[in-house]
Structure formats: structure tokens, C-alpha cells
Amino acid sequence: MQVANRLSKLPPYLFVTIDKKIAERQAAGEDIIKFTIGDPDSPTPPHIIEGMCHAARNPANHRYPDTKGLPKLRQAIAAWYKKRFGVILDPDKEVLPLIGSKEGIGHMSLCFIESGDIALIPDPAYPVYSLSTIVAGGKPHPIPLKEKNNFLPDLEAIPEKIASKAKLLWLNYPNNPTGAIANLDFFKNAVRFAQKNNLAICHDAPYTEVVFDGYKPPSFMQAPGAKEVGVEFHSLSKTYHMTGWRIGIAVGNEQMINALFRIKTNMDSGIPQAIQQAAIEALRGPQDCTASYNYILQQRLDKLVKVLNGIGLTARTPKATFYIWARVPQGYTSIDFTEKLLDEIGIAVTPGIGYGKEGDDYIRFSLTLADDRLEEGINRLSTWKRRDK
Ligand SMILES: *Cc1c(COP(=O)(O)O)cnc(C)c1O
């Protein structure tokens, strides 16, 4: 048998490689503190679980769901967007529930990228934008996110011939892995860039509710004209601690939503309805779980940033997301420093190179580990006597 060539073009999924190394150390009996994957350590709030259990007992929810999702869910999504961002969406044409936003992101590339097509992709970035471009036969064109530009891309610096040929531009604010944020002016400028170059924008926004100090990120959809050029991906994963249930959202441009629906209707059969019911509870119910988890994250953030800056890393305090993007000391690559942390004090982090070439001066710490593990990690870091190279 012969596996298709497109698989050989895929680099190994970053987390798989790291997890394997960590698993080897753990199998050898070591206690590893994992600052790697971003996955809330707090359980899904009880009222959401209750809604799901109730729906699971109803035989009407035991049969194939509709790919479009329950009308009530699409309405709840539209209502949430209106309340949170003041954005008006048509629940039948401009809203599509997803089996986690990762699923929708991957399938969106299949909708717009043909063999040899260019997608503009931030570097560093969540790996799925470029991997799905490659699967679709396209070419990711990296657009660097530099610290001196607050990790915002300089869209004007993209060569005219690349920009005019590109089919898609991917953006993600609040940003994973850098923790950077974007204001509405940035999104307005992105809309103009898309109009000028006749390309579509996909804005990935799972962290708009993971915020500190009262910061409220805008939605890309608030930018005038955004609906004409793009979509926004959202997710219940990070906001409502629902990573395990797999439910996300795409909203925005009708044509793009419809294209995604057409691909999906041929590839999957929708989201289990009990999980859709859970999402309705989450979106319509009390929102205090988000604020109380953000408070916990902020305590962790403040402690960890201080320790990291004390050991020669340069870390800024993000206004949103649960990540710290820390610059490694001169003379180290992200892999060097990641291995050093793992070898010398059993601390696992994600090396920045996994998010792109521009990430190689950085490592990412996620704050979603239990408090006692965090304390142990902080203890090891603050007493670390780094062996020099
Ligand atoms: C976590 C994450 C996602 C995926 O979220 P799911 O809805 O759980 O698939 C997408 N994009 C970014 C940037 C993320 O960090």
C-alpha cells in the first residue's frame, strides 16, 4: 500500500513530538511539570453538564444531527455575538456550528485553496492554518510577527505580487502563542487590505473571553466591511472549559459559511445534539465561570512572569490568552532551552519554533495547570542553578 504524498509534506504535529519526549521521561519515573498544552484545568461548569445530560436522555437526540446545527444553537450564537460585540448575524446564513473550531479551520482551507494557491499565514502561528493549507495543496506564505510591532503583521510589507495572488489571510487575536492583542483599527486596516487584494480573511478568535484587568477584545466582525471579506472562528473550548466536548463556531460572510457547510456536509454529520444543547446552556446561561477562571489565571500569570524574568527569560504580561511567550537568553534556540528545562529541572514547555521560524527565540508557557503543579514549577524555576552551555 502507498500513503498519499500529501502526508509526507506534513511536518510532525508539534505536540505529538513533545508529548512523546515527556512520556519517555515520565515512564522513567520522573515527575514532569507540564506548561505545554493550553487546556483549562477547571471542569466544565455544572449547569452546562446538566443541560447536556438532560439532552442525552432524550431519544430525539440519539439520531443523526443536521450539519447546520440546531436552529436554537445558531440563534444562541447570534444572540451571544450581539450581546458581547454588538454584531448582528443572520442565524440561518451567517452562523455555522463546528466540531471544535480546529475542524472548521482545517476545512476552510479546502474551501478556498487549490493546488499551488497562496495563503498568508502569520509566523509564529497556531500550526493548523499552514498544515491545512498544505493538505489542500497550497503554499503557506509566512508573514512575520515581530515583538517590535507588538506581534502584529505589517500587511503593507507583503510584496504586491504575493498579496495580489493570495487567496486567504489568517489572523488570530488575542494571539496564541504570543499573547498579543489587536484593536479595531488593525481589523479595519485588514479589511481594506483584503478588499484591495481581493482575498478572504479568516480570523481565529477563541481567546476573546480569556482576559485580564478588564480588557475586552474586539471581534473582527465589528470592523465595517468585515462581513464582505471574511469569517471569524470562535470556540466554546477556552471560554467555557469545553475542550473535551468539541464544539466551535464560524460566523460572517455568507458565501464562505456556505462553502464551509458544503464541505462539511460531505465530510461529517454534525455535532452530537446533547453537546449542542450544552453549548446553548453555555451561551445563554450565567457567564461568571469565565470571570472566576480569569481571576485564577491572573494570579498564576503574575507569579510566573516574575519568576521567568528573574531567571534570564524576557516575558511580558499578556492582556489576554493563558500563555506567556518568553524570549530565551542570547545564544539559545527555543529547542536548546526547552531541552535544558526538561533535562535539568523536569519542566516541559513548548519551543517557539513549533509555531514558525520567527518563534525560535521564544518558548511558550501555558497557565492551565493545577495550582499545586504551578507552585512546584515555580519552585523549581526560582531555585534553578542553570548549567552553562
Ligand atoms: C485552542 C485553539 C483553537 C482550537 O479550538 P477548538 O475549538 O478546541 O478546536 C483554535 N485556534 C487557536 C489559536 C487555539 O489556541
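Calculation criteria
- Residues numbered from 1 in each chain as written.
- Predicted model: local features only at pLDDT ≥ 70, side-chain atom pairs only at ≥ 80, totals over all residues.
- Heavy atoms only, no water.
- Buried < 20%, exposed > 50% of the residue type's maximum accessible area, 1.4 Å probe, protein only.
- Helix = DSSP H or I, 4+ residues; strand = E, 2+ residues; numbered from the N terminus.
- Contact = heavy atoms within 4.5 Å.
- Pairing = 2+ DSSP bridges.
- Axes fitted to C-alpha atoms, helices over the stretch in contact; angles between N-to-C directions.
- 1 Å grid on protein atoms, 1.4 Å probe; cavity = no way out; pocket = protein on both sides within 12 Å on 5 of 7 lines; lining within 4 Å.
- Points joined across faces, edges and corners; volume = space filled by probe spheres on them.
- Nonpolar A, V, L, I, M, F, W, Y, C, P; charged D, E, K, R; others polar.
- Near = heavy atom within 4 Å.
- Patch = residues over 30% accessible without salt bridge, like charges linked within 9 Å, V, L, I, M, F, W, Y side chains within 5 Å.
- Areas by Shrake-Rupley, 256 points an atom, 1.4 Å probe, with all protein chains shown as cover.
- Salt bridge = Lys/Arg side-chain N within 4 Å of Asp/Glu carboxyl O.
- Polar contact = N/O pair within 3.5 Å; in protein donor to acceptor, adjacent residues only side chain to side chain.
- Core = buried A, V, L, I, M, F, W, Y, C linked by side-chain atoms within 4.5 Å.
- Domains from an automatic or database assignment.
- Buried area = accessible area lost by both parts, 1.4 Å probe.

> I'd love a proper account of helix 6 (residues 128–135), names of residues and values included.
In terms of residue burial, helix 6 counts as a mostly covered element, since 6 of its 8 residues are buried. For helix 6, every residue scored as buried is listed here: Val128, Tyr129, Leu131, Ser132, Thr133 and Ile134. Against helix 5 (101–112), strand 3 (118–123), strand 4 (139–144), strand 5 (168–171) and strand 6 (200–204) lie the buried residues of helix 6.

> Quick one: what's the story with the sheet that holds strand 5, residue by residue and with numbers?
Overall, mixed pairing links the 7 strands, which are arranged 2-8-7-6-5-3-4 in an open sheet. Strands at the two margins of the open sheet, each flanked by one partner only, are strand 2 (95–98) and strand 4. For this sheet, the mean inter-axis angle between neighbouring strands, taken without regard to orientation, is 20°. Where strand 3 lies against strand 4, 6 bridges are found, and the strand directions are parallel. When the bridges of strand 4 are listed, isoleucine 118 appears paired with lysine 139.

> Explain empty space enclosed by the protein to me, using residue names and the numbers behind them.
Per the stated rule, a full pass over the model turns up 1 cavity of 30 Å³ or more. Estimated volume of the largest cavity: approximately 40 Å³. Forming the walls of the largest cavity are Trp80, His234, Ser235, Leu236, Thr239, Tyr240, Ile249 and Leu283. Residues of the lining of the largest cavity, tallied by class, amount to 5 nonpolar, 3 polar and no charged.

> How would you explain the site of the ligand if you had to name every residue and give the values?
In the neighbourhood of the ligand, 14 residues make up the surrounding shell, with Asp204, Tyr207, Ser235, Ser237 and Lys238 lying closest. Its residues placed into classes, the shell around the ligand shows 4 nonpolar, 6 polar and 4 charged.

> I'd love a proper account of a nonpolar patch on the surface, names of residues and values included.
A cluster of nonpolar side chains, contributed by Leu110, Val135 and Met267, occupies part of the molecular surface with about 240 Å² of accessible area. Note that methionine 267 resides in helix 10 (residues 254–267).

> A description of the side chain of asparagine 61 should follow, citing residues and the corresponding values.
Within the secondary structure, asparagine 61 is located in the loop between helix 3 (46–56) and helix 4 (71–85). Of the polar contacts made by the side chain of asparagine 61, one reaches the backbone oxygen of alanine 55; its length is 2.9 Å. Those residues within four positions of asparagine 61 in sequence are excluded, and the remaining contacts are Ala55, Gln273 and Ala274.

> Summarise the nonpolar core; cite the residues concerned and give the values.
By size, the foremost hydrophobic cluster in this structure holds 60 residues, and its most contacted members are Tyr81, Leu120, Leu169, Leu236 and Tyr240. Taken domain by domain, this core gets at least three of its residues from each of domain 1 (5–43 + 288–388) and domain 2 (46–284). Residue contacts for tyrosine 240: discarding those within four places in its chain leaves Thr44, Pro45, Ile48, Trp80, Ala282, Leu283, Gln287, Cys289 and Thr290. In this structure, Val307, Ile324, Leu374 and Ile378 belong to the second largest nonpolar core, which totals 34 residues.

> Go over the domain arrangement of the protein chain with me, naming the residues and quoting the values.
Along its sequence, the protein chain is carved into domain 1 (5–43 + 288–388) and domain 2 (46–284). For domain 1 versus domain 2, the separation of C-alpha centres amounts to 25 Å. Listed as interface residues are 34 residues of domain 1 and, on the opposing side, 34 residues of domain 2. Between domain 1 and domain 2 the total buried area reaches about 3100 Å² when both faces are included, carbon and sulfur atoms providing 62% of it. Counting the contacts that link domain 1 with domain 2 gives 3 salt bridges. Glutamate 147 is paired through a salt bridge with arginine 327; the nearest N and O atoms lie 3.5 Å apart. Run the count over domain 1 and domain 2 and you get 15 residue pairs in polar contact (both at pLDDT 80 or more). The leading source of residues in the side of domain 1 that touches domain 2 is helix 12 (residues 288–310), at 7 residues.

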